[in-house]
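Residues per chain, in single letters:
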Amino acid sequence: MADERKAVVGQMLPGVAGICLFMLFLTLMNVFGALRNTFGMGLAKYGVLALCTLLVAGIFGLLRMRRWGWALVLAGCVMLFTGDFFFFEKTHSGFFLIRGMFSLVFFLYLVRDEVRRRLR
């Protein structure tokens, strides 16, 4: 059993790389939005930039199959999911519903035991 665990620790599943690319794209879009003052010019702008910085660090940690990167990306998925569903309820725009569902599916993929077993 220990030899099986050593064989898979550190090996990335194909879905993890795709999730990281999608999350990196969403993070960059939020950074550009914050820099263009879409979220306002006050505290919200700097809050979004701080959260995006943490998420980018988590994405690169997850690509190296680190447990702390996995935890940060999980938190980012939950935040994007809840934020998108909040905006969907306020605006009834289907874009937010679809993007929120992607974040929810990615969260459910990352919490699987098979993914957690491969982390260092």
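Everything discussed here concerns the structure shown above.
J.: Looking at this structure, how should I read a nonpolar patch on the surface?
T.: A cluster of nonpolar side chains, contributed by Phe25, Leu28, Met29, Phe32 and Leu35, occupies part of the molecular surface with about 520 Å² of accessible area. A residue is classified by how much of its surface remains accessible, and Met29, at 44% relative accessible area, is partly exposed.

J.: Got a minute to help me understand the nonpolar core in this structure?
T.: It is characteristic of soluble globular proteins that their nonpolar side chains tend to be buried jointly. Val16, Met23, Leu62, Trp70 and Leu110 are the most contacted members of the largest nonpolar core, which has 19 residues in total. Looking at this core, the elements with two or more residues in it are α2 (14-35), α3 (43-63), α4 (67-91) and α5 (94-110).

J.: Sorry, what's going on with the environment of Gln11 here?
T.: Looking at the element boundaries, Gln11 is found in the loop between α1 (2-8) and α2. Between the alpha carbons of Gln11 and Phe95 there is a distance of 34 Å; along the sequence they are 84 residues apart. Beyond its immediate stretch of four places on either side in the chain, Gln11 contacts Met65 and Arg118.

J.: Teacher, can you tell me more about the pattern of salt bridges here?
T.: Side chains bearing opposite charge may pair, as long as their charged atoms lie close to each other. All chains considered together, the criterion is met by five salt bridges. For Arg99, the salt bridge goes to Asp84, with nearest N and O atoms at 2.7 Å. Residue Arg99 is found in helix α5, and its partner Asp84 is found in helix α4; the two are separated by 15 residues along the sequence. Here Arg99 matches Asp84 in class, with each residue buried. Connected through salt bridges with shared partners, the residues Arg112, Glu114 and Arg118 form a single ionic network.

Cut-offs used in this document
Residues numbered from 1 in each chain as written. Predicted model: local features only at pLDDT ≥ 70, side-chain atom pairs only at ≥ 80, totals over all residues. Heavy atoms only, no water. Patch = residues over 30% accessible without salt bridge, like charges linked within 9 Å, V, L, I, M, F, W, Y side chains within 5 Å. Areas by Shrake-Rupley, 256 points an atom, 1.4 Å probe, with all protein chains shown as cover. Salt bridge = Lys/Arg side-chain N within 4 Å of Asp/Glu carboxyl O. Buried < 20%, exposed > 50% of the residue type's maximum accessible area, 1.4 Å probe, protein only. Core = buried A, V, L, I, M, F, W, Y, C linked by side-chain atoms within 4.5 Å. Helix = DSSP H or I, 4+ residues; strand = E, 2+ residues; numbered from the N terminus. Contact = heavy atoms within 4.5 Å.

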